[in-house]
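# Analysis of the macromolecular model
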Amino acid sequence: MFEGIPARYAVAVVAFVNFLYVYMVRLNVNIVIVAMVNYTAIPHTNITTAEECGHPEAAVTQVTQKDGEFVWDEKIQSLVSVSFFWGYIITQLIGGRIAERFGTKYMFAGAQMTAGLVTIGLPVLARTGTEFFVAGRVLLGLAQGVIVPSIQPLVAKWAPSGERSSISTFIFSGAQVGTVLGITCSGLIADFFGWEAVFYIQGSLAAVVVGLWLYVVYDSPELHPRISAKEKDYIKSSTFTPSSKRLAVPWMSIATSIPCWALLVATLGNNWAFYMLITQLPIYMKTILHFDMKSNALLSALPYLVMWILSLLVAQFADLTARRGWATTNVIRKTANTIAKLGPALCLLMVSFTGCDRLSTLVLLVMAVGLQGAVFSGFLMNHLDVAPYFSGTIYGIISGLASVNSWLAPLVVASLTEAQQTLAQWRIAFLLCSSILVIDAFVFLLFGSTERQPWDKENN
């Protein structure tokens, strides 16, 4: 397997597959919840929407489509979705530090298997009680919280400078592919076999992706038994090489670093937009635009497919620009980030006033999510720019703090739309998200930096 392929690309492919799996099991509940919930048993759910955006085909769908077994109102649905991040916040920093000190390989594998086992158990927990299902989601967050930050140190050791945007974007774009597959497959599996099958099938896949990870991925080129001497020398000559001695984490320097604060603001804005849309889009599709389960799954996945394609195209162009010297790294990062924030902000502003026009709304929502693909060449690469030695720690700190918006955004939207599934309330949600993205874009543009910070170097 992977014979004839450079070791760094094989590692990137397997990391991509595992990242895909991470997001597939993280987000499956956001589409499955449409099949789990008995919407007709919730008072007020279909009153105002029928008046505002009634569609002829929607009436037929509502008669034939079977409702779920759980009577969860908007706040409980949001709670189920966002409870994952309560655990996720706690273990973010732990994952980054462990990866920097002891390596990524085995910690990642253990966390991934734990996530798979928890996913298999979610149907039993749901029927035991809502609080048990929420606890399972928190446990899933705890497991996955150590996974994502551990990728940063791995990329720092494996991705040559001229390929860093492409390799890093390819790995992290597994999030978009995982989102697409998670939403699409979850919707189809739930429609044909029941919502429980989604958790059983996807949870069992952990054994496959972890086995692949253990066979292919090593913490550094020096530890890889099948890498060629030529490739090892090439990677070593153009990547960050960690110091042989352990450096103390400069906590105060990180806390007072303006580029790190700019990075935090960029991550906060990104998380608000990404998780508001990923958790609420299926609900908007069902309650406002009146799409059935299969259509909802396919259309909710489409924006993330576009996001994945755009992320790869932007990354290739970013690396080409860097190699040719057409622009500095600072210009590349800030341009990509500005596209990824102001573009969606404009689209969401327009969505706020498209009303019940299904086609215009869908096109704008696809563009709003798709343009976010540029973040992988923007702020998401910035940890490696400012502090390659402590990239895992910084990623863990910032991602952990910014995870607050990952659950706050869906809760705010749920509060806005509770008992008021109307265009007016959704307009407030879209305009709020648009405003946050504009602030995010300008803060990073003014205060972000790609200069390696002095406190990241050994002599400090």
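Treat the numbers as computed from the prediction; the structure is a model and nothing was measured. (Residues numbered from 1 in each chain as written. Predicted model: local features only at pLDDT ≥ 70, side-chain atom pairs only at ≥ 80, totals over all residues. Heavy atoms only, no water.)

## Regarding the overall build of the protein
The condition is simple: The helix count covers DSSP runs of H or I at least four residues long, the strand count covers runs of E at least two residues long, and both are numbered beginning at the N terminus. The buried label goes to any residue with under 20% of its type's maximum accessible area, the exposed label to any with over 50%, and the partly exposed label to all in between, with areas taken from a 1.4 Å probe on protein chains only. Throughout, a contact is declared for two residues whenever any of their heavy atoms are within 4.5 Å. Only the protein chains shown count as cover for residues, with accessible areas throughout obtained via the Shrake-Rupley method and a probe of 1.4 Å.
Looking only at helices and strands, one finds 21 helices and zero strands in the protein. Taking all 460 residues of the protein together, the buried fraction comes to 61%. Sequence separation of 24 or more characterises 88% of the internal contacts of the protein that already satisfy a separation of 6 or more. Looking at the protein as shown, the accessible area adds up to about 17,500 Å², and 68% of this sits on carbon and sulfur atoms.

## Remarks on the packing of helix H9 (residues 164-172) against helix H10 (residues 174-193)
Two quantities define a packed helix pair, namely the angle between the helix axes and the distance between the axes. Formally: All axes here are fitted lines through C-alpha atoms, helices being fitted over the stretch that makes contact, and every angle between N-to-C directions spans 0 to 180 degrees. Convention used here: angles under 35 degrees read as roughly parallel, angles over 145 as roughly antiparallel, angles from 65 to 115 as roughly perpendicular, and any remaining angle as oblique. Here the nonpolar group is Ala, Val, Leu, Ile, Met, Phe, Trp, Tyr, Cys and Pro; Asp, Glu, Lys and Arg are the charged ones; every other residue, Gly included, is treated as polar.
Taken N-terminus to C-terminus, the directions of H9 and H10 make an angle of 25°; their axes are 4 Å apart at the nearest point. Comparing the axis directions of H9 and H10 gives the class roughly parallel. Counted together, Phe170, Ile171 and Phe172 of H9 and Gly174, Ala175 and Gln176 of H10 form the full contact between these two elements. Partitioning the contact of H9 with H10 into residue classes produces four nonpolar, two polar and no charged.

## Here we look at the packing of helix H1 (residues 7-36) against helix H12 (residues 206-216)
Going by this rule: Left-handed is the label given to a crossing in which the near helix is rotated counterclockwise from the far helix by less than a right angle, and right-handed is the label when the rotation is clockwise.
H12 packs onto H1 with a crossing angle of 155° between their chain directions and a minimal axis gap of 10 Å. Here H1 is positioned roughly antiparallel relative to H12, judged by the angle of their axes. When the axes of H1 and H12 are compared, the crossing they make is left-handed. Packed against H1, whose contacting residues are Ala10, Val11, Val14, Ala15, Val17, Asn18 and Tyr21, the element H12 presents Ala206, Val209, Val210, Leu212, Trp213 and Val216 at the interface. Of the residues that constitute the contact of H1 with H12, the class distribution is 12 nonpolar, one polar and no charged.

## So, the packing of aromatic side chains
Given two aromatic rings, their pairing is described by the distance between the two centres and the angle made by the two planes. This is how it is decided: Two rings belonging to Phe, Tyr or Trp (six-membered ring only in the last case) form a pair when the distance between their centres is within 6.5 Å. Interplanar angles under 30 degrees mark stacking, angles over 60 mark edge-to-face geometry, and anything in between is tilted.
Under the counting rule described, the total for this entry stands at 20 aromatic pairs. An angle of 20° between the planes, with centres 4.7 Å apart, marks the rings of Phe70 and Trp72 as stacked. Both residues of the pair, Phe70 and Trp72, count as buried. Taken together, a centroid distance of 5.7 Å and an interplanar angle of 65° make the contact between Phe70 and Trp195 edge-to-face. Here the residue Phe70 occupies a position in the loop between helix H3 (56-64) and helix H4 (74-82), and Trp195 occupies one in helix H11 (residues 195-204), the gap between them amounting to 125 residues.

## Quick notes on the environment of Thr119
With respect to the secondary-structure elements, Thr119 resides in helix H6 (residues 105-128). Along the chain, Thr119 and Val25 lie 94 residues apart, while their C-alpha atoms are 7.1 Å from each other. Contacts of Thr119, omitting those with residues within four sequence positions, involve Val25, Asn28, Leu140, Phe199 and Gly203.

## Some remarks on the environment of Gln92
When you line up the elements, Gln92 lands in helix H5 (residues 84-102). In sequence terms Gln92 and Ser399 are 307 residues apart; their C-alpha atoms lie 6.8 Å from each other. Residues in contact with Gln92, not counting those within four places in the same chain, are Gly145, Pro149, Tyr395, Gly396, Ser399 and Gly400.

## Here's the deal with the confidence of the model for the protein
Note the following rule: For every residue, the predictor reports its confidence as pLDDT, a number between 0 and 100.
Averaged over every residue, the pLDDT of the protein is 83; the share at 70 or more is 88%. Ranking the elements of the protein by mean pLDDT puts H3 last with 45 and H12 first with 94. Scored below 50 in pLDDT, residues 45-50 shows nine contacts in the model against residues more than four places distant or in partner chains. Segment residues 57-65 is flagged for pLDDT under 50; beyond a separation of four residues in sequence, or across chains, it makes seven contacts in the model.

## So, the pattern of salt bridges
The line we're drawing: Only one rule defines a salt bridge in this text: a Lys or Arg side-chain nitrogen within 4 Å of an Asp or Glu carboxyl oxygen.
Going through the model one piece at a time under the given rule, you end up with seven salt bridges. With its nearest N and O atoms 3.0 Å apart, the salt bridge here joins Arg8 to Glu163. Residue Arg8 is found in helix H1, and its partner Glu163 is found in the loop between helix H8 (147-158) and H9; the two are separated by 155 residues along the sequence. Between Asp385 and Arg333 there is a salt bridge, with the nearest N and O atoms lying 2.7 Å from each other. Taken as a pair, Asp385 in helix H19 (residues 382-386) and Arg333 in helix H17 (residues 329-351) lie far apart in primary sequence, 52 residues in all. Note on Asp385: relative accessible area 11%, which makes it buried.

## Regarding a nonpolar patch on the surface
Here is the rule: Here a patch means residues that are over 30% exposed by relative accessible area and free of salt bridges, tied together within 9 Å if like-charged and within 5 Å if nonpolar (Val, Leu, Ile, Met, Phe, Trp, Tyr).
On the surface, Ile258, Val438, Phe442, Leu445, Leu446 and Phe447 cluster together into a nonpolar patch covering about 560 Å² of accessible area. Note that Phe447 resides in helix H21 (residues 423-447).

## Quick notes on H9
Taking burial as the measure, the nine residues of H9 include eight buried ones, the bulk of the element. Every buried residue of H9 is accounted for by Arg164, Ser165, Ser166, Ile167, Ser168, Thr169, Ile171 and Phe172.

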